[in-house]
Amino acid sequence: MMNFDGMDSGIGEYAPTLHGSLEPGMETSMDPRLNPGLLQGVELDSDGLPVAVPESVHMMEGMFSELHSVHAEVGVPVTATHFDLQEELLWMGNHRGHAMSFFGPTMGRYSSFQAHSTDDIRQIQSMETGVLFLSKSNLKCQTRGGLVMFDYPMEEGADMHSLLMTDNNTMLMGGLQNYVLEFDLNTVQQTQKFTVEAPGVAIMRQSNRFLFCGNTSGKVSLCDLRTFKLEHEFDAFSGSLSDFDVHGNLLAACGFSSRGLNGLACDRFLMVFDLRMMRAVTPLQVHVDPLFLRFIPTYTSRLAIISQTGQCQFCEPTGLANLADIFHVNTVGQLLMSFDVSSSKQALAFGDSGGGLHLWSDAPEVSYNGYSRETEFALPCLVDSLPQLDWSHDLLPLSLIPMPLTNSEPLLSDWVTTQATPSPRRAPPVDPEILRTMKTVGFIGYAPNPRTRPRNQIPYKIKEVELDYDNYNQGVPESPSGRDEEPHLYMVPKKYRKVTIKYSKLGLEDFDFKHYNRTLFAGLEPHIPNAYCNCMIQVLYFLEPIRCLVQNHLCQKEFCLACELGFLFHMLDLSRGDPCQASNFLRAFRTIPEASALGLILADSDEQTGKARLGRLIQSWNRFILTQLHQETQEQEGPQAYRGASSAQGSSGESVIGRQFGCEVENSSLCRCGKETVRSSLTLLFTMHYPEQSSLDKTIKEYDFAEILRKSICLEQSTQAWCENCEKYQPTVQTRNIRCLPDVLVINCEVNSVKEAEFWKAQAEYAFIKAKKKEEMEPPKSKEPPPPPPQPTEWCLEEELVNTEGLTFDTRVEDLRHVWIPLTLKMSISKSQGLEVTSWPEGEELSSTEEAEGASLYDLVVTVPHILDARTGGNLVAHIKVGETYHVRKEGVTHQQWYLFNDFLIEPIDKAEAAQFDVNWKVPAILYYAKRNYHNKYDLRIKNPIEASVLLTEASLARKQRKSHATFIPLMVSEMPQAGDLVGLDAEFVTLNQEEAELRSDGTKSTIKPSQMSVARITCVRGQGPNEGVPFIDDYISTQEQVVDYLTQYSGIKPGDLDAKISSKHLTTLKSTYLKLRFLIDTGVRFVGHGLQKDFRVINLLVLKDQVIDTVYLFHMPRKRMISLRFLAWYFLDLNIQGETHDSIEDARTALALYRKYLELCCGGGNDEVRKVLKGLYEKGRKLDWKVPDCDIGDGQGTAVFPSVMGQ
C-alpha cells in the first residue's frame, strides 16, 4: 500500500475495482453543471480514482491551493499535462504512452486510451476537432473520445520534444535533431523542413514578433515567424535550459549552470530579457530550485516558478522574490514531471513521477477557459421497463408471462460455450503483389490492381495454417490494418530491426551513418543483392587467423572468394567507422556454380518480399563459405602465385581453414548382418540434433546444452544404407566419433520449425528457473542501498529515460532469461569415455591436471540470430566478441567487447545479450566457440601479396584487339610510381539494374533502391615527368552480368566493347585492374580526378582522403552547387570537352590540368585570389545557366595543351 499521508484520507481506501456509479459521498463534490444521470453508463477502473475535496476546505480568493488530486496509473510518471482550450477538460499523458482526460474541477474521468504503444507522451495540444499527442517518433491526432484521426510517423532517427501551433491548421515540431518540421493539419503532410544547429530544439514559444526556440545547450533563439531565419540569440545558461516563457516584452528562463568538475547545478537565478532592447536585465533570485516557469498575468505579470520537489513560488519578474509567496504541492515524496496553466489563469496542473495529477486553483468554482463549449457525454444505458400485464384479459399471449425455473434440468437453449461462440469467416490474405506495390498516404494504402482475379470477387478458400516456423513468423500481415494489431510486431528492439538507407538528391552524401555506428569499426551496406550474408562476413573478419589468411592470399582465378574477401577485409582495416560495400565479393559469389546449386543466390523479389528463409539460408551459407575457402586456400603453391607474387601459406591438402575449423571424424556404419564399415573424413562444422518428443507426452524434458551438443557431435542414428556384404539396402546404425578437437567449434543450430523453437524456449525457461533458485539459496550480500535514480524530465534523452524505471529484480539473474547456451564450455577426449562436454564457469581456468589430460576451454565468440519481423520480412544480425588486437588497431586500447553488427549499425552490447534468444523474434542460427588463446599458434603477420608486376604488360581478353589500336603505354620499370606521385584517374560505368523510385503525393521523388552500377572502363594517366598526360592504364572491364544501359552518352561505352568475342578494346577482368589500382594505393600515389568519390565507391576501393585530389571540391564554394568538369575546362582551360560522349582519357587529363591551374592560382595570390576567382566562376555560371557556349573557345581564363598518346 502506498503512503498517502498528507493527501485526502479517502485515497488510500479505494476498492480494487469500481463499477457503475461513483463512491458514496462523492456526489456532493461533482460539478453542479453536470447531470449525475449522465454517468450511469460510465465505467471507472482502479487506475483512475477521483478524489473529492471535503466541504470543510476553505479556499481564500486569489491564493492558489489544492482543489483535487487523482492517481491515473500508480507508479507511471505523468510526462505531459494540458488544459483543453475548447472544453473544461484536463489532459494528461504518461511514460507508457497512455492518455486520460478529466472533466471539470471535480476531475471526473472523461476518457482514457492508449495514444502510443511504447514511447512516452511528450506534449499534448488541443484543437477544435481533436487532440494532438506528440511522442519521440510519432504524432497522433485523436478525438476527445479516443478515435484515431491520423497517425503520422516521423523520419527514422527523429527525437521530437515539442510542438507549437502557429495558426489553426499549421504547426511546428522540433526535437533533438538538426531540423524543425512545419506540418499542415489539413493535408496531414510535412510542408517545410527548417535546418537548425545542434543540439536541436527542445522548447518552442511564440509571440506576435518572434518564434522562440530553446535548446539543451542553454540558448534561446529568436526566429522570424515566416522564414524561421535566426534573428537574435540569448545565451541564458552555461549548462542547460530547463524552461522559459514569454509575455509582452519580457522573456524569463530557468536552467542549469556548469560547475566545472561537479557537473551541472540548478541555477536559482532566473534570467530575464527585455525584448525591446534585446538584452538581459537584472537576474531574479528565487528561493526554490526552478524546473518549470510560466507567466500568470492577471492583475500583474506574475511568474510561477516550480521546483521538481513540489515547491511553487510566485514573484514579479522585475521585483524581489518573497518567501511568503511559496506554497508546496504534496506529491507524497514523488517528483514533479510536468506542469501547465489554464488559459483563464485560474488553474494550475501538476503531474508527478508516481502517476499523480494535482489540480490547484485560486477559486472553488474554477473555469479552465473564458468561454468553453459544452462537453459531450455518453448517453446513459436506458433499460425499458416491462409492460403491465392484464391477467384478466382473454387475448393476453401466454409467452409474455415469465415462468419460474422449477428444477435444475438444463434448458434446450443452454448450448455449450464452444458451440455458442461466434466463429466469423476469416478474411483471405491480401495478394502479396498488392502489399509489395502499395504506397501509403497517411493511414490509407493505394496499390494498382494486379488483375489476378475477377473484379469484386474474392474466393473464400482458406488454406490450412502452415506449421513451418519461418513462414509462420515471417508472413506478411493479412492487411495493412493488421500490422498494428499483430502483437509480435512490437517485440523487436529498434537496434535489431532491418536498417535501410534513405537516399536523397545527393545520394548517400547527406545520410548520417554515424547515427548508427559510433565505433571505429566498419559496417556493411545492405542494398546490394544477396547482402543477407553481411553478418557472416563480419564474423569471418573478426577471426584473426582468417583475416590474415585471406589478405595474404592471391591467385589467378578471376572469381576467387578468398581473394575478394582479402580485398574487402583490407578496406575494413582501413575504414575509421565509415561503412564499406561487399559488392565485388558478392559479384564473385554470384558466379560460383555451387552457390547457385545450393540455392544461396536470391532473387531481388525474394529479398524485398521477405520470402527467403533466412535462418536456413545463412546456415547453408556458413557451410558453403568454410568449404569454399578451405578448397581455395589449400591448392598448391603454383596456381596461387599471381604473376610473380608470393603465395599463400599451406601446402596441398592443408589450409588454415582446415587447421582452425577442421575436425577429423570417424564414421562407422554397422549393418545388422554384423559387417562394420569405418571411414574417416574432415568436417568443418556440426549441426545440432534435438531429441525426439513422444507423441503421447507433450511435456518437454529438461536437457543440458552441453549434453545435446555432445550427442550432436558424436551422432548415432539408424538409417537405410547399402551393405556390400548383403548386397542390398539394409537398416544400419551409423555412429560418428571425433579424433581431435577443433580450434574453433562452429555450430549450426537448425531451429527451423516450431518444434525446435518450443524446445529451445523450454530449455531456456528451465535454465532460468534453475539460476533463480540458485540465487535464492545463496546468502544475501550486504550492500549499501543504491542512490535513487534521477527522474526523467520533459527534456531527458532516451538513454536517461531507460534508467528511470526502478528495477525490483536482481539484474544479474534477470540477464539469464532466455539464455540456454553457456558462455564457456569444457571439452576433452578420453580413450575410455570418448568426447566429454560440460558447461564451465566463465573466467575460470583449468587446473594443471585437467590441462595434462588434454581438456580445453571454449569461449563463446559469435552468435548469429535470425530476427523475425513481419514488417520488413526479417533480417540477420551477428553478436561478435571483438578481440584485443582489433581494438588496439582501431582505438589503441586493449580490451575485449561484445558488439551487435546489423549491416551498418554497430553497437556495443552486454555479453548476456549475445546469449539471449527470445525465439518469438530472435531465433538462434549459428554459434562459434573458440578455444581459449587458440590464435597464438598462427602466424598473424600480413605481407601484401600485390607486387609491381601487376602493372606490366598483359594480354587483352579481346580477340580482335590489335597493337595499332593501343590507347596507352604501360609503365617501364624506371617509371614505377613512388609515394606522393600524381596519377590522373577517371572511370566510366554501365548500369546493371535500374533505379527503383516512387513519386510522392507532393510531387517529390523518393529513391527506394539506387541503380546498380558496374565499372566498364578505368583510365590512369601519368601526372608528372616527360610523359605527363600519357595513359599507362586504359582497361575495359569484361562483365558476365547483363547490362541494361550502357549510358553511351555519358560513358562512351558502346554495346560490344565489353564482349571478348567482338571487342577491339584492351579488355581485362575486374580483378586484374583492381590489383593495379590497389598497388597504386598501397604505394601512396595521389589520385587527381573529378568526382572520384563515386568512382572509388563503384570500383569498391577505399582510398585515404590525403591520397585523393578531387577537382569537384577544389573549385567549389560552401553551400553552392557542384560544377561539372566540362564547364571548368571551358572556363579555366579554354577546352571544349565531352561534346558528344565522354572519354575517360580526356577527362583524366583535364582533371590534371585543372589541378595545375589551381596550384597556379594558390601560388599567385593565395586563398584570397582563389576565392575571388571562384566568385567570378559562379557569377559566369549563373549568367550562362551553367551551359558551355557553342564554339565559344577563348572566353575562359587560359589554355592547356596535352601531348598525344602515341606521339602522333
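Since this is a predicted model, take the numbers as computed values, not measurements.

Before going further, it helps to spend a moment on the overall build of the chain. A tally of helices and strands in the chain yields 25 helices and 55 strands. Counting over 1208 residues, the chain shows a buried share of 49%. Nonlocal contacts in the chain, meaning residues at least 24 apart in sequence, comprise 62% of its contacts between residues at least 6 apart. Within the structure as shown, the chain displays about 60,800 Å² of accessible surface, and the carbon and sulfur contribution to it stands at 51%.

The buried fraction of strand S26 (residues 301-307) amounts to 6 of the 7 residues, a majority that puts the element mostly inside the structure. Here strand S25 (residues 290-297) runs beside S26; their pairing, made up of 7 bridges, is antiparallel. Each bridged residue has a counterpart across the sheet, and for Leu293 the counterpart in S26 is Ile305. With 4 bridges connecting them, S26 and strand S27 (residues 311-315) associate as antiparallel partners. When the bridges of S27 are listed, Ile305 appears paired with Gln313. The turn linking S26 back onto S27 is made up of 3 residues, and Gly310 within it adopts a positive phi angle of 110 degrees.

Turning to the packing of helix H6 (residues 561-574) against helix H7 (residues 583-590), a few remarks are in order. Taken N-terminus to C-terminus, the directions of H6 and H7 make an angle of 170 degrees; their axes are 9 Å apart at the nearest point. Here H6 is positioned roughly antiparallel relative to H7, judged by the angle of their axes. On H7, the residues that touch Leu561, Glu564 and Leu565 of H6 are Asn584, Phe585, Ala588 and Phe589. Along the lines of polarity and charge, the residues of the contact of H6 with H7 split into 5 nonpolar, 1 polar and 1 charged.

The next subject is the packing of helix H24 (residues 1125-1133) against helix H25 (residues 1144-1184). The geometry of H24 relative to H25 is characterised by a closest axis approach of 10 Å and an angle of 90 degrees between their N-to-C directions. Relative to H25, the element H24 is oriented roughly perpendicular. Taken together, the residues of the contact of H24 with H25 sort by class into 15 nonpolar, 3 polar and 3 charged.

Before going further, it helps to examine unusual backbone geometry. Cis geometry marks the peptide bond from Ala198 to Pro199, where omega comes out at 5 degrees. In this model, Glu727 sits at a positive phi of 60 degrees, which is unusual for a non-glycine residue. When you line up the elements, Glu727 lands in the loop between strand S37 (716-723) and strand S38 (728-738). The phi dihedral of Trp1186 is positive, around 60 degrees, even though this residue is not glycine.

Bringing the environment of Ser1051 into the picture now. With respect to the helices, strands and loops of the structure, Ser1051 is situated in helix H20 (residues 1048-1051). Here Ser1051 falls in the buried class, since its relative accessible area comes to 2%. Remark: the alpha-carbon pair of Ser1051 and Ala1016, spanning 35 residues in sequence, is separated by 8.5 Å. Beyond its immediate stretch of four places on either side in the chain, Ser1051 contacts Glu988, Phe989, Tyr1046 and His1142.

Those residues of helix H18 (residues 884-891) lying buried are Tyr886, His887 and Lys890. The arc that holds every buried residue of H18, seen down its axis, measures 95 degrees, which confines them to one face. For H18, the elements touching its buried residues are helix H4 (534-541), helix H5 (544-552), H6, strand S44 (878-882) and strand S45 (897-902). A positive phi of about 75 degrees marks Gly892, the residue just after H18.

Once that is clear, we can look at the sheet that holds strand S4 (residues 89-94). With respect to topology, 4 strands assemble into an open sheet ordered S3-S4-S5-S6, the strand pairing being antiparallel. Two strands lie at the open edges of the sheet, namely strand S3 (78-83) and strand S6 (108-114), each paired on one side alone. The average angle at which neighbouring strand axes cross in this sheet is 20 degrees, direction not considered. Here strand S5 (residues 98-103) pairs with S6 via 6 bridges, running antiparallel.

The subject of this paragraph is H7. Of all 8 residues making up H7, 7 are buried, and the element is well covered by its neighbours. For H7, every residue scored as buried is listed here: Ser583, Asn584, Phe585, Leu586, Arg587, Ala588 and Phe589.

The next thing to look at is the packing of aromatic side chains. One pass over the full model with this rule turns up 49 aromatic pairs. Within the aromatic cluster, the residues linked to one another by ring pairs are Phe1115, Phe1127, Trp1130, Tyr1131, Phe1132, Tyr1158, Tyr1178 and Trp1186. Directly above the aromatic system of Tyr179 lies the positively charged group of Lys193, at a separation of 4.2 Å from the ring centroid. Of note, Arg205 hangs over the ring of Phe244, and the distance from its end group to the ring centre comes to 5.7 Å.

Attention shifts here to the sheet that holds S27. Ordered in space as S25-S26-S27-S28, the 4 strands form an open sheet in which the pairing is antiparallel. For this open sheet the edge positions go to S25 and strand S28 (326-328), each flanked by a neighbour on one side alone. When the angles between neighbouring strand axes are averaged without regard to direction, this sheet yields 20 degrees.

Let us now look at the pairing of strand S10 (residues 148-153). Bridge analysis of strand S9 (residues 138-142) against S10 gives 5 bridges, and the strand direction is antiparallel. Its bridge partner lying in S10, Cys141 is registered against Phe150. Once S9 ends, the chain turns through 5 residues before running back antiparallel as S10, passing Gly146 with a positive phi of about 115 degrees.

This paragraph deals with the side chain of Gln619. Here Gln619 shows up in helix H10 (residues 614-633). For Gln619, a relative accessible area of 2% puts it in the buried group. A distance of 2.8 Å separates the side chain of Gln619 from the backbone nitrogen of Glu750, its partner in a polar contact.

Next up on the list: the UniProt feature "binding site: a divalent metal cation" (unreviewed entry) in the chain. UniProt annotation of "binding site: a divalent metal cation" (unreviewed entry) refers to Asp986, Glu988, Asp1095 and Asp1147 when read in the numbering used here. Spatially, the listed residues are clustered: although they cover 162 residues, their C-alpha atoms lie within 12.9 Å of one another. Relative to the helices and strands, Glu988 resides in strand S48 (residues 982-993). A relative accessible area of 5% means that Glu988 is categorised as buried. With respect to the helices, strands and loops of the structure, Asp1147 is situated in helix H25. Using a relative accessible area of 4% as the deciding quantity, one classes Asp1147 as buried. Beyond its immediate sequence surroundings of up to four residues, Asp1147 is in contact with Asp986, Glu988, Leu1125, Ile1137, Gln1138 and His1142.

Inspection of every chain in the model, using the stated rule, returns 44 salt bridges. Residue Asp243 is joined to Arg205 by a salt bridge in which the shortest nitrogen-to-oxygen separation is 3.1 Å. Separated by 38 residues along the polypeptide, Asp243 in strand S19 (residues 240-247) and Arg205 in strand S15 (residues 203-206) bring together distant segments of the chain. Considered together, Asp243 and Arg205 belong to a single accessibility category, that of buried residues. The closest approach of N and O atoms between Lys495 and Glu913, which form a salt bridge, is 2.9 Å. One end of the pair, Lys495, is in the loop between helix H3 (469-474) and H4; the other, Glu913, is in helix H19 (residues 911-915), with 418 residues separating them in the sequence.

Turning our eyes to something else, we now look at the environment of Asn168. With respect to the secondary-structure elements, Asn168 resides in the loop between strand S11 (160-165) and strand S12 (170-175). Sequence separation of Asn168 and Asp184 is 16 residues, and the distance between their C-alpha atoms is 9.6 Å.

This part takes up the nonpolar core. One finds Tyr532, Ile537, Ile618, Trp621, Phe661, Tyr928 and Phe1087 to be the most contacted residues of the largest nonpolar core, which totals 104 residues. Among the elements that make up this core, the one with the highest residue count is H6 (9 residues). Both domain 1 (511-633 + 866-937) and domain 2 (948-995 + 1005-1184) contribute no fewer than three residues apiece to this core. Val492, Cys749, Val751 and Trp921 belong to the second-largest nonpolar core, a separate cluster that totals 55 residues.

Mapped onto the secondary structure, Ser307 falls in strand S26. According to the relative accessible area criterion, Ser307 is buried, its value standing at 1%. Excluding its chain neighbours within four sequence positions, the residues that come into contact with Ser307 are Val288, Asp289, Leu291 and Leu336.

Definitions and cut-offs
Residues numbered from 1 in each chain as written. Predicted model: local features only at pLDDT ≥ 70, side-chain atom pairs only at ≥ 80, totals over all residues. Heavy atoms only, no water. Helix = DSSP H or I, 4+ residues; strand = E, 2+ residues; numbered from the N terminus. Buried < 20%, exposed > 50% of the residue type's maximum accessible area, 1.4 Å probe, protein only. Contact = heavy atoms within 4.5 Å. Areas by Shrake-Rupley, 256 points an atom, 1.4 Å probe, with all protein chains shown as cover. Pairing = 2+ DSSP bridges. Axes fitted to C-alpha atoms, helices over the stretch in contact; angles between N-to-C directions. Parallel < 35°, antiparallel > 145°, perpendicular 65-115°, else oblique. Nonpolar A, V, L, I, M, F, W, Y, C, P; charged D, E, K, R; others polar. Arc of directions from axis to C-beta. Phe/Tyr/Trp six-rings, centres within 6.5 Å; stacked < 30°, edge-to-face > 60°. Lys NZ or Arg CZ within 6 Å of the ring centre and 35° of its normal. Polar contact = N/O pair within 3.5 Å; in protein donor to acceptor, adjacent residues only side chain to side chain. UniProt positions renumbered as here; feature names shortened; annotations may be inferred. Salt bridge = Lys/Arg side-chain N within 4 Å of Asp/Glu carboxyl O. Core = buried A, V, L, I, M, F, W, Y, C linked by side-chain atoms within 4.5 Å. Domains from an automatic or database assignment.

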